[in-house]
Amino acid sequence: MSSQHTIIVTGGAGFIGSHLVRELVNNYPDYKIVNLDALTYAGNLENLKDIDQSDNYVFEKADIRDAAQVDHLFKKHQPDGVIHLAAESHVDRSIENPSAFVETNVMGTVHLLNAFRSLWQGQWEGKRFYHISTDEVYGTLGETGLFTETTPYDPNSPYSASKAASDHLVRAYGETYDMPYVITNCSNNYGPNQFPEKLIPLFINNIIEKKPLPVYGDGNYTRDWLFVIDHAKAIDLVYHKGVNGETYNIGGFNEWKNIDLVKVLCQQMDQALGRSAGESAALITFVKDRPGHDKRYAIDASKIKNELGWEPSVTFEQGLEKTIAWYLQNEKWLRNITSGAYQSYYESMYSNR
Ligand code: NAD
Ligand code: DAU
């Protein structure tokens, strides 16, 4: 039995996961934080190079689709808690290849639940399985209204359907095996280290390279944007203070139509790059819509605000400014990602392990 508090974070080399791992490693020197990640195209150990020598941090390269490997690592580290972020996370990729999303997001989650259950069944005191989910499970909103924790599930993409299935499984393990769990459903994140397939980093990259900015459909789709570090802080809070069996919605109180957001991004990029006003906006190109494109997401985050005292710490303008500055200061990171060179980085670092 472990004497120190151990948390396995899955997907800790990804965008949100790496910010969370940093938060936990820095805030809890007495914990052991185990980062379990397969290092898919979206996972990048460079995201963690500032903390990877910390005494309370361990990296395990492992695939949650492999039940035996997951089981072995749970027995080895005896985690008190699991914070589960590992997933295939990009909607467009799910439209191309739904099976990969079922394998990782559904079966991978089942393997983690099984491993946690077989480790602690009957001794749940002080244990917690925390599942990180998305607002996309609720489907789409019309012009008005907000997603609350009781909004019925109505997913529309293979990605959101796979996340909805994993949420249901976590709740089912809670009901059936008394496994203590919490779930959070968060809106769109943005910030440093996001893979340049998602709207904001893709457009930053294209603006730098003076390539077209492909806006899907008419651009009148709405998302609710949250700075990633505020999400990481919310996860830390819910892990420690959330109530077992509860769900909390997390959002930015910050709705934007895509086209309006892209215009603000273009303005800020022109300023940051010293280009003339309107140069980036001239790259905007309307392209074929995403199939099954959800019209509008917006979160009612009043439960986590009222019950746990969380709210975003930065405004969208501040967050976007920090994000742009980070990408411009870390162009090497962006080039490594886009050239695939970060895979060689990993191989040279871990070939002897
Ligand atoms: P990401 O794609 O940046 O990172 C995913 C991480 O999971 C990567 O490090 C990858 O290597 C790892 N991974 C993927 N498949 C794996 C497997 N089979 N085994 C082990 N590791 C694997 O994702 P993200 O944007 O950081 O999202 C993290 C979580 O948060 C996901 O569960 C996602 O559904 C959820 N979420 C994301 C957002 C968002 O806006 N990005 C919003 C709400 C919820
Ligand atoms: O809402 C939470 C979800 O947000 C997370 O669960 C997902 O993991 C995350 O990828 C994100 O999903 P979206 O589909 O909302 O994010 P994306 O950045 O892909 O797209 C944001 C909006 O921008 C969406 O309306 C589609 C549009 N878009 C996206 C891309 C990549 C474009 O118009 N052009 C593009 O090239």
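Residues numbered from 1 in each chain as written. Chains lettered and ligands numbered in written order. Predicted model: local features only at pLDDT ≥ 70, side-chain atom pairs only at ≥ 80, totals over all residues. Heavy atoms only, no water.

### Considerations on the packing of helix α4 (residues 98–120) against helix α5 (residues 158–177)
Okay, so step 1: Where α4 meets α5, the closest approach of the two axes is 8 Å, and the angle between their N-to-C directions is 15°. The angle between the axes of α4 and α5 places the two elements in the roughly parallel class. For the pair α4 and α5, the sense of crossing is right-handed. Contact residues: α4 offers P98, F101, V102, N105, V106, T109, V110, L113, N114 and R117, while α5 offers P158, Y159, S162, K163, A165, S166, L169, V170, Y173 and Y177.
Okay, so step 2: Class assignment for the residues of the contact of α4 with α5 results in 13 nonpolar, five polar and two charged. (Axes fitted to C-alpha atoms, helices over the stretch in contact; angles between N-to-C directions. Helix = DSSP H or I, 4+ residues; strand = E, 2+ residues; numbered from the N terminus. Parallel < 35°, antiparallel > 145°, perpendicular 65-115°, else oblique. Left-handed = near helix turned anticlockwise from the far one by under 90°. Contact = heavy atoms within 4.5 Å. Nonpolar A, V, L, I, M, F, W, Y, C, P; charged D, E, K, R; others polar.)

### As for the sheet that holds strand β6 (residues 181–186)
Within a beta sheet, neighbouring strands are joined by backbone hydrogen bonds and run either parallel or antiparallel to one another.
Okay, so step 1: Here seven strands make up an open sheet; going across it, the order is β3-β2-β1-β4-β5-β6-β10 and the pairing parallel. Since the sheet does not close on itself, it has two edges, and those belong to β3 (57–61) and β10 (247–250), each with one partner. Between one strand axis and the next, the sheet turns by 20° as a mean value, whatever way the strands run.
Okay, so step 2: The pairing of strand β4 (residues 81–84) with strand β5 (residues 128–134) spans four bridges and is parallel. In the sheet register, V82 faces β5, and the bridge partner there is F129.
Okay, so step 3: Strand contacts of α5: β5, β6 and β10, with the helix running at about 155° to β5, the strand carrying the most contacts. (Pairing = 2+ DSSP bridges.)

### Here we look at the pairing of β10
Okay, so step 1: The alternating pattern of β10 places T247 and N249 on one face and Y248 and I250 on the opposite face, and all of these are buried.
Okay, so step 2: Sheet topology places β6 next to β10; four bridges connect them, and they run parallel. Pairing of I183 across the sheet is with T247, part of β10. (Buried < 20%, exposed > 50% of the residue type's maximum accessible area, 1.4 Å probe, protein only.)

### Comments concerning the site of ligand 2
Okay, so step 1: As a matter of local geometry, ligand 2 sits amid 24 residues, with T134, D135, Y159, R290 and H293 nearest to it.
Okay, so step 2: Within the backbone of S89, one N or O atom sits 2.7 Å away from an oxygen atom of ligand 2.
Okay, so step 3: Y216 is positioned such that a nitrogen or oxygen atom in its backbone is 2.8 Å from an oxygen atom of ligand 2.
Okay, so step 4: When isolated, ligand 2 has an accessible area of 690 Å², and the protein chains bury 94% of it. (Near = heavy atom within 4 Å. Polar contact = N/O pair within 3.5 Å; in protein donor to acceptor, adjacent residues only side chain to side chain. Areas by Shrake-Rupley, 256 points an atom, 1.4 Å probe, with all protein chains shown as cover.)

### Things to note about the packing of aromatic side chains
Okay, so step 1: What the rule picks out here adds up to 17 aromatic pairs.
Okay, so step 2: Ring plane angle 45° and centroid distance 5.8 Å describe the contact between F116 and W124, whose orientation is recorded as tilted.
Okay, so step 3: An angle of 85° between the planes, with centres 4.9 Å apart, marks the rings of W326 and Y327 as edge-to-face.
Okay, so step 4: Classification of Y327 as buried rests on a relative accessible area of 0%. (Phe/Tyr/Trp six-rings, centres within 6.5 Å; stacked < 30°, edge-to-face > 60°.)

### Comments concerning unusual backbone geometry
Okay, so step 1: Backbone geometry at L39 places phi at a positive 55°, although glycine is not the residue there.
Okay, so step 2: Classification of L39 by relative accessible area gives buried; the value is 9%.
Okay, so step 3: If you check the backbone angles, F253 has positive phi at about 50° while not being a glycine.
Okay, so step 4: Considering the arrangement of structural elements, one finds F253 in the loop between β10 and β11 (255–257).
Okay, so step 5: Take F253: its relative accessible area is 46%, and that puts it in the partly exposed class.

### Description of helix α8 (residues 258–273)
Okay, so step 1: Across its 16 residues, α8 extends 22 Å between first and last C-alpha, which sits within 8% of the 22 Å expected from 1.5 Å per residue.
Okay, so step 2: Within α8, burial applies to N258, I259, L261, V262, V264, L265, C266, Q268, M269 and D270.
Okay, so step 3: Against α6 (199–208), β8 (213–216), β9 (222–227), β11, β12 (284–287) and α10 (316–329) lie the buried residues of α8.
Okay, so step 4: Two residues or fewer past α8, G274 is found with a positive phi of approximately 65°. (Expected span 1.5 Å × (residues − 1).)

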